[in-house]
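Listed below, chain by chain, are the residues.
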Amino acid sequence: MSNAKENEVGSPSLNKGVSVFATDLTDEARSTIIGIAQKAFNKQVAPGDKVYQSVADRIRKDSEKSLDNATQLAESASSGWHCVVGDHFGSSVTHRLKTYIHFSVVPGVTVLLWKS
């Protein structure tokens, strides 16, 4: 898996229906990301688009805007936010400190977001 603290496993989630499996984000950043993800899942997907890919793109782009502006983490063009959304996938990622979250806002669908 990752180097993330897993102290959130099994703890009550911040929002009803949200499960946080692992994270090292601050409470403020975690709330921001969960809100972004909930909005992304509620937006209409254009006909012909892949649903999970569209949701992942929205989460990644909105996270870049919100978190990079708030924390001034935009250091280089080669490092950026990555997002995977799906119902079956494995992962092993290397990430910067305080930039990793693995969670679910829709039952059966998982979101993995991190910055490399």
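Values in this document were obtained by computation on a predicted structure and should not be read as measured data.

Rules used in this analysis
Residues numbered from 1 in each chain as written. Predicted model: local features only at pLDDT ≥ 70, side-chain atom pairs only at ≥ 80, totals over all residues. Heavy atoms only, no water. Helix = DSSP H or I, 4+ residues; strand = E, 2+ residues; numbered from the N terminus. Buried < 20%, exposed > 50% of the residue type's maximum accessible area, 1.4 Å probe, protein only. Salt bridge = Lys/Arg side-chain N within 4 Å of Asp/Glu carboxyl O. Patch = residues over 30% accessible without salt bridge, like charges linked within 9 Å, V, L, I, M, F, W, Y side chains within 5 Å. Areas by Shrake-Rupley, 256 points an atom, 1.4 Å probe, with all protein chains shown as cover. Lys, Arg positive; Asp, Glu negative; His and termini not counted. Charge placed at Lys NZ, Arg CZ, Asp CG, Glu CD.

**Focus: unusual backbone geometry**
Note: most residues except glycine have negative phi, and most peptide bonds are trans.
So, step 1. Of note in the backbone geometry, Lys98 takes a positive phi value of approximately 65° without being a glycine.
So, step 2. Structurally, Lys98 is set in the loop between β2 (81–86) and β3 (100–106).

**Comments concerning the side chain of Thr110**
So, step 1. Tracing the chain through its elements places Thr110 in strand β4 (residues 109–115).
So, step 2. By relative accessible area, which is 16% here, Thr110 ends up buried.

**Considerations on the pattern of salt bridges**
So, step 1. Going through the model one piece at a time under the given rule, you end up with two salt bridges.
So, step 2. Put simply, Asp27 and Arg30 hold a salt bridge, and the shortest N to O gap is 2.1 Å. Of this pair, Asp27 and Arg30 both sit in helix α1 (residues 27–42), three residues apart, which is roughly one turn of the helix.
So, step 3. The class of Arg30 is buried, set by a relative accessible area of 4%.
So, step 4. Between Glu64 and Arg60 there is a salt bridge; the shortest N-O distance is 3.2 Å. Highlighted residues: Glu64 and Arg60, both in helix α2 (residues 51–71), separated by four residues, approximately one helical turn.
So, step 5. We classify Glu64 as partly exposed; its relative accessible area is 25%.

**Observations regarding a positive patch on the surface**
So, step 1. A contiguous patch of positive charge, built from Lys39, Lys43, Lys61 and Lys65, is present on the exposed surface.
So, step 2. Within the element layout of this structure, Lys65 appears in helix α2.
So, step 3. Residue classification places Lys65 among the exposed residues on the basis of a relative accessible area of 55%.

Honestly, it's all geometry; don't read function into it.
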